[in-house]
Amino acid sequence: MAEPAMQLLDVNKTISNKQIIKDLSFSINPGEVFGFIGPNGAGKTTTIRMMVGLMNITSGDIRILGKSIKSDYKQAAQEIGAIVENPEMYPFMSGMQNLRHYARMVPGVTKERINEVITLVGLEKAINYKVGKYSLGMRQRLGIAQALLHKPSILILDEPTNGLDPAGIREIRTYIRSLAEQENVAVIISSHLLSEIELMCDRIGIIKNGELISTQNLHDTPSEKQALQVQMEVTPLEKAKELLRTEHNVEAAIKDGVLLLHSEKEDIPRLIQTLAKHDISIYQVGAAKASLEDKFFDLIGENTIE
């Protein structure tokens, strides 16, 4: 099995006698897009700052391809590329001049590598324009190119779609997915846009009050025996709800003019037959996949800013 790109091992952070991060442990694999989410004040930014070495770890360790960020920072940091919110660039210089300027700070970045990252993020046409004329989406793409110059194993993006319009968000999402798949880069994304996290990520970690409360694969296929959330558009609603309860011991809720219930896939035909037999008009039946937003609020509750 491949070595994890990053491992957090019982990471703790205490600031002014207050424990901000508590025994945080998880790993991210090469080529994986990992969403790191939680309410405001949960500890996401503190964790990211420790990942990139901008903040000391009180106890525990973070390892990048097996190298400790505490004891072997220089070697570990070489494997990381990061952007926190909007990347800062020199607006009076072109995209190419900005990349060349940053390339001088990192040993071994060739002209070929600069051209490679420009192609990777799709900036070939705009690379010689002044960055001051770039759209937010173009600046984000240039920031990603800059973060990738030294061929990192891990790319950390804090709010990568911040301030972008829908077209820009879609562009960045496409580039992030292709980076993971083509370059085998592990990508860690922290974002408040749960719908985007759901589209971009393979797996998520949810943090609350400095503790990891869940990690989940986002694209697991439900098994035959797994209970599905089922939506039924039927009339009359109250009669249908009562029939399901008395005939099958199935509790249903009425929401937005439809019945919502949980049932195993193989039981759904019997429920429909019962309703039809009792002259319930059935217009539509479908499995409603719970969104990441639903899962998120199930786990952390609502209004949890602390």
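Residues numbered from 1 in each chain as written. Predicted model: local features only at pLDDT ≥ 70, side-chain atom pairs only at ≥ 80, totals over all residues. Heavy atoms only, no water.

An unreviewed UniProt entry annotates the protein as ABC transporter ATP-binding protein of Lentibacillus populi. The heading Sequence similarities (unreviewed entry) in the UniProt record of the protein holds the text "Belongs to the ABC transporter superfamily." (UniProt positions renumbered as here; feature names shortened; annotations may be inferred.)

Draft legend 1. Molecular detail of the overall build of the protein. Within the protein one finds 10 helices and 14 strands. Each principal axis of the C-alpha distribution contributes one length, and for the protein these read about 75 × 50 × 40 Å. The burial tally for the protein puts 45% of its 306 residues in the buried class. A sequence separation of at least 24 residues applies to 67% of the contacts in the protein between residues at least 6 apart. Counting every atom, the protein has about 16,000 Å² of accessible surface; 47% of that belongs to carbon and sulfur. Positive and negative side-chain charges of the protein, numbering 34 and 39 respectively, have mean locations separated by a distance of 7 Å. (Helix = DSSP H or I, 4+ residues; strand = E, 2+ residues; numbered from the N terminus. Buried < 20%, exposed > 50% of the residue type's maximum accessible area, 1.4 Å probe, protein only. Contact = heavy atoms within 4.5 Å. Areas by Shrake-Rupley, 256 points an atom, 1.4 Å probe, with all protein chains shown as cover. Lys, Arg positive; Asp, Glu negative; His and termini not counted. Charge placed at Lys NZ, Arg CZ, Asp CG, Glu CD.)

Draft legend 2. Expanded view of the nonpolar core. If you look at the biggest cluster of nonpolar residues, it comprises 45 residues, and the most contacted ones within it are Leu-99, Ile-144, Leu-155 and Val-187. The element best represented in this core is helix H5 (residues 136-148), accounting for 6 residues. In contact with Ile-144, other than residues within four places in its own chain, are Ile-83, Val-121, Leu-155, Leu-157, Ile-172 and Leu-179. If you look at the next biggest cluster of nonpolar residues, it comprises 26 residues, including Ile-57, Ile-64, Ile-154 and Ala-186. (Core = buried A, V, L, I, M, F, W, Y, C linked by side-chain atoms within 4.5 Å.)

Draft legend 3. Spatial organisation of helix H9 (residues 268-277). Among all positions of H9, only Ile-268, Leu-271, Thr-274 and Leu-275 are buried. One side of H9 carries all its buried residues, which in axial view fall inside an arc of 125°. In H9, those exposed residues whose orientation departs by more than 90 degrees from the buried face are Gln-273 and Lys-277. A positive backbone phi angle near 60° is found at Asp-279, which sits one or two residues after H9. (Arc of directions from axis to C-beta.)

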